[in-house]
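Secondary and tertiary structure notes
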Amino acid sequence: MTILVVSFLLVFVPYFIPWGPLDWLSGKLMTIAAVTNAFTIVIAVYSQFRRSGRFINQKRKGWVYHIYLLALLAIMTLSGFIFGQHVGAYEWLLLAVVTPLSSVIYGILAFYMSSAGARALRARSPQAALLLLAGFVVLLYQAPLTGAYFPGIEGAATYLTDTFGMSVSRMFSISVSIGAIVLGVRMLTGKEVAFLGFGEGEE
Amino acid sequence: MNEFLQFAAVVVGIFISFAMYTTLYGKPNPLRSWAEFSYLGAATGVSIVISITYIWNTAILGIQAGDWILIFSIIFGLMMILRMHPEYSYISRLPLAFTVGTGLALSLRTQIFTSFIIQINATIVKLWTNVPLEFLYRVTIAVSVITILTFFLYTMELSGPLLWTSRVGEYLMYIGFGAIFAQTFMGRLGLFVGYMESLTTPTWKTPYTLASALICLIAAIIFDRTGLGEKLSAG
Amino acid sequence: MADESGIYKKMATYDKRWVYVVLFITTLGPLISPIGMPIGISAMTKNYYAELDTLQEGDIVFDTWNMEFSGYMELKSGVLATHKMFIEKGVKLCIAFGHYEGVALPKEIFGKLKTWLDNYDYTEGEDYIIIGYVFPNEAAVAALAQDFHANVRVDWKGESIEGTFLDEIQNAGDFDMISDYTTGLATTYIINHMVLQYGVPMVENSIGVSVPGHLANLDAGLLQALLASTRGGAELEFLISSPGPGLKAMDAFTLGHYSLIIFIIIGNIGHYGWTRRSGARDRTGIK
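Residues numbered from 1 in each chain as written. Chains lettered and ligands numbered in written order. Predicted model: local features only at pLDDT ≥ 70, side-chain atom pairs only at ≥ 80, totals over all residues.

**Description of the interface of chain C and chain A**
Many analyses report the size of an interface as the accessible area lost when the parts associate. The criterion, for reference: Throughout, a residue-residue contact means that the two C-beta atoms, derived from backbone geometry, are no farther apart than 7 Å. The secondary structure listing takes helices from DSSP runs of H or I that are at least 4 residues long and strands from runs of E that are at least 2 residues long, numbered from the N terminus. Note that Gly is not counted as nonpolar here; it falls among the polar residues with everything else outside the nonpolar set of Ala, Val, Leu, Ile, Met, Phe, Trp, Tyr, Cys and Pro and the charged set of Asp, Glu, Lys and Arg.
Every contact between the two is made by 45 residues of chain C and, on the other side, 47 residues of chain A. Residue assignment for the side of chain C that touches chain A shows that the elements contributing at least two residues are α2 (17-32), α4 (69-89), α7 (138-146), α8 (148-151), α10 (211-220) and α12 (245-284) of chain C. Examining the composition of the side of chain C that touches chain A, we find that 12 residues originate from one element, α12(C), more than from any other. Counted by class, the side of chain C that touches chain A contains 26 nonpolar, 12 polar and 7 charged residues.

Here's what the structure looks like:
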């Protein structure tokens, strides 16, 4: 807890009370924290190796795919470190595997959103009807053809997004920040210690 | 990379994309499993290389340049890794406390302003202006934010005026959700359309795109009908 | 009545895979065979264009690519159009990635801008420097904002940045503008530690999902301008008279939206024609 509070103060206070040596120290502490956080990738990789190792040892369903995963991981890592990031197998796999699949993984959400919207958006109640109506107006505006032939829809859609939509986001932003502040104070006062691996009441 | 390897990367990329799209068919199949595990392995490899490069560029090069205090970043990082050791995992509490304390300071010192004070300032503004549209916008925003916030008061019983404002807030919130749903759909559609555009530009890619789509669809149907999909997939 | 129930039942209970097939066809069709539908320009895009237009030759812009490759697929119209404006104006760019997939982006983006790079003699090292993945977490953003050269010594290829235009940058306040393309990664940190602390003007090119949140920041004055998703990028392409992937995608965009609207209408008709009535039949026993 002492480390937590001291590191907090050394970074928090200089923001409000600028003083050369303290500014320098807080900057260095931020860099040290950034690099320390970057080491957590090792923990993630270790977890993946453990999980895949379990699948392979116990020959569970799909164990062959886990061997393939570990092999690809090793090729990618070794190739990147030995030959560099801009040549060889690393670059080829980046272009052939990582970038297309990254695009697909999020692009698939368009299909899920469409089917969810088509099946779940029903005007079952006044609130749902309002949601549906607002959604329709904005969807129609977002299709460029509608705005070209019915210019008035821009005003309506912009009004809905820039007021009601923005208000909901602002409300969430305010609520989340209050929650974050409360959680931060609880952590600093020792009421939340689970993140350090302690149980309740321990320190 | 020579031209053939570049061409091969594009064609493999197109085929593996549609292998992943067979997820939409709804039944497990080995093409989808192959694509999933390919991404897991390759993306994890990329993240390892990039993270280690970041550590090298920031900490090691900094130490070499005379910034000796950065040695602590390496020490703390190695202590953090000990979290995996069953016996010595307690050592990781020190760097964890340090990074959490620093992170808390960074977020609290700014979030109070950007997510709270500035947002409230922007809501409680002078409502009347000479421009009627601007007046309408300001009134709507002020009324919406306040009434929606009232709706989320769970720690007290809502009665009288608070009850009515929370009901108004509920209705306004649903209008907001409708607008947000439409914008979210636009975003997701944009992701998909953008990727399809890259699969059809330049035009020489189009036959490979259509062929891959057809092959993967037929394969998914065959795997499903023969029962091999469940057997050969990973889950 | 039985026939009507059949149609209504089909409308209420169709297989969701038909939605996927229709969406796929309505998207791929116009991309292969463009229709050329007209497009309107929104006030938000005009404002974004006006903000970029204030830049002068030699201004240094912090170009933060806070997007994965998937996010780039949505934002590429805006990314390419914005960079065309930067190249035309002779602005210096310091390019940073917020995601490890960013290493694949320069080849993709500058590959598509090759003609512009050649025409304006815009070269890496002189006019733009890629410093690589420097935003793994909030602490990294804050540290870089406070002391640039203590946290960035080399570019993404490992070459020293000493002796370049980045010598003028001591902290985030020395940038003339921040141009961010985001799926939501380090953007909040940049706003918190660069915009709030140093007052650097920031323009945002955001995916559709994040637009409501960024509208709040735009309204609060934390952002100067916002470009929304593929549509905003297409509008910007139109404004700078340089058609690109955005305008090409607008036909598919239109048909994709219309197909969702039609499916929602069908679903609602089916709901009122069959689902509610089937519920009533079950409750009352009247057939």
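Moving on from the coordinates now.
**Concerning the sheet that holds strand β4 (residues 177-182) of chain C**
Residues and elements named next belong to chain C. The condition that has to hold: Strand pairing is assigned whenever DSSP detects at least two bridges linking the two strands. Interaxial angles span 0 to 180 degrees and are taken between N-to-C directions of axes, which are lines fitted to C-alpha atoms, for helices over the stretch in contact.
Pairing is parallel across the open sheet formed by 6 strands, whose spatial order is β3-β2-β1-β4-β5-β6. At either margin of the open sheet sits one strand with a lone partner, and together these are β3 (128-133) and β6 (225-228). Adjacent strand axes in the sheet meet at a mean angle of 15°, parallel and antiparallel pairs treated alike. Sheet topology note: the β4/strand β5 (residues 202-206) ladder contains 5 bridges and is parallel. Residue pairing across strands places D180 opposite E204, the latter belonging to β5.

**Some thoughts on the interface of chain B and chain A**
With 97 residues of chain B at the interface, the matching set in chain A holds 94 residues. Elements that contribute at least two residues to the side of chain B that touches chain A include exactly α1 (3-21), α2 (30-64), α3 (71-81), α4 (93-123), α5 (132-151) and α6 (161-199) of chain B. Considering every element that reaches the side of chain B that touches chain A, the biggest residue donor is α4(B), with 24 residues. For the side of chain B that touches chain A, the residue count by class is 63 nonpolar, 29 polar and 5 charged.

**Topic: the confidence of the model for chain B**
Note the following rule: Confidence scores here are pLDDT values: one per residue, from the predictor, ranging 0 to 100.
Summary statistics for chain B give a mean pLDDT of 91 and a share of 100% for residues scoring 70 or more. No element of chain B has a lower mean pLDDT than helix α8 (residues 228-232) of chain B, which averages 87, and none a higher one than helix α7 (residues 205-226) of chain B, which averages 94.

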